[in-house]
Amino acid sequence: MSAETAAEMYLPHFVVKQKLTLMVNRYEVSESDESGTPTRLMALAEQKRMAFKEQVTFFADAGKQRAVFGFKARKKLDLNAGYDITDESGAQIGYFKKDFGASLMRSTFHVEGPGFTGTGRERNQVAGLLRRFTELDFIPIHFDFVDPTGSPLFSVERKMSLGDRYRVTVPDQRVDFRVAAAVAVALDALMAR
C-alpha cells in the first residue's frame, strides 16, 4: 500500500485495557507487539460509571491536559445514534454506528474512515447470545470488521477472562488507529461491559 493511502496514524497492533474503579471506567490504549504485549501508551480515557455513553475523550497521558481524539454521539439518548470520531483539533476522522436490526442475533456495527467503509460482526453467534442472556462477564468477544469486498479492516478480540483487555489487529493501513481504538472502547462501553 502506498504512503498516500496509509492512515495518518496507523498501528498494526494495539491493546485496549479497561480498569474498573468505583467511580470511573478507565481505558488505556497502548501500541503492542504482534503477541499483544504493550510497548507504548498511546492514549487513555476515563468515563464516569453509570454516565450516559454519548461522549468519550482520549488524552495523551494521565495528566489529561491534552485531548488527542474522541467520539461523540450525533444525538443524545438515541439508541440508533451514530458516533463521530474526531482528532485533537475536532476534525472528523471517522464514524461508527450500531446496526440494531442486524444486532438481534449477532451484534453488528458499521464504520467509516478516510478511504474505507466496513461492517463488523461478532465472530461467534453462540458467544454473543450467551453474553446477552446470561450474567457471565468472562465470555470472549471477537469482532471482525471487513470492507464491502470482504477484505479485513481490523479485528477486536477479548479472550475469556475476568479483566477486560482487548487485542486490536489492523491489517488495513487505511484504518487510523484512533478510529479502531474508538470503536474498540465503544464495543465495551455500548455493550455495557
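Rules used in this analysis
- Residues numbered from 1 in each chain as written.
- Predicted model: local features only at pLDDT ≥ 70, side-chain atom pairs only at ≥ 80, totals over all residues.
- Heavy atoms only, no water.
- Core = buried A, V, L, I, M, F, W, Y, C linked by side-chain atoms within 4.5 Å.
- Buried < 20%, exposed > 50% of the residue type's maximum accessible area, 1.4 Å probe, protein only.
- Helix = DSSP H or I, 4+ residues; strand = E, 2+ residues; numbered from the N terminus.
- Contact = heavy atoms within 4.5 Å.
- Pairing = 2+ DSSP bridges.
- Axes fitted to C-alpha atoms, helices over the stretch in contact; angles between N-to-C directions.
- Salt bridge = Lys/Arg side-chain N within 4 Å of Asp/Glu carboxyl O.

**A look at the nonpolar core**
If you look at the biggest cluster of nonpolar residues, it comprises 43 residues, and the most contacted ones within it are F14, F58, F71 and F154. Residue contributions to this core peak at eleven residues, all from helix α2 (residues 177-190). With sequence-adjacent residues up to four places away left out, F14 is seen in contact with V29, S30, E31, S32, Y166, R167, V168, V170, F177, A180 and A181.

**What to know about the sheet that holds strand β9 (residues 116-122)**
Around the barrel, twelve strands lie side by side as β1-β2-β3-β4-β5-β6-β7-β8-β9-β10-β11-β12; this closed barrel has antiparallel pairing. Taking the axes of each pair of neighbouring strands and ignoring which way they run, one obtains an average angle of 20° across the sheet. Sheet topology places strand β5 (residues 67-73) next to strand β6 (residues 83-87); five bridges connect them, and they run antiparallel. Among the inter-strand pairings, F71 is bridged to a residue of β6, identified as I85. Sheet strands touched by α2: β1 (13-20), β2 (24-32), β3 (38-48), β4 (55-59), β5, β6, β7 (92-98), β8 (108-113), β9, β10 (141-146), β11 (152-158) and β12 (165-169). Its angle to β5, the strand with the most contacts, is close to 50°.

**A look at the pattern of salt bridges**
For the structure on display, the rule yields twelve salt bridges. For R26, the salt bridge identified is with E28, shortest N-O distance 3.4 Å. Looking at E28, the relative accessible area reads 16%, which means it is buried. For R40, the salt bridge is made with E31, and the minimal N-O distance between the two is 2.7 Å. Using a relative accessible area of 45% as the deciding quantity, one classes R40 as partly exposed. Through salt bridges that share partners, K19, R26, E28, E46 and K64 make up one connected network.

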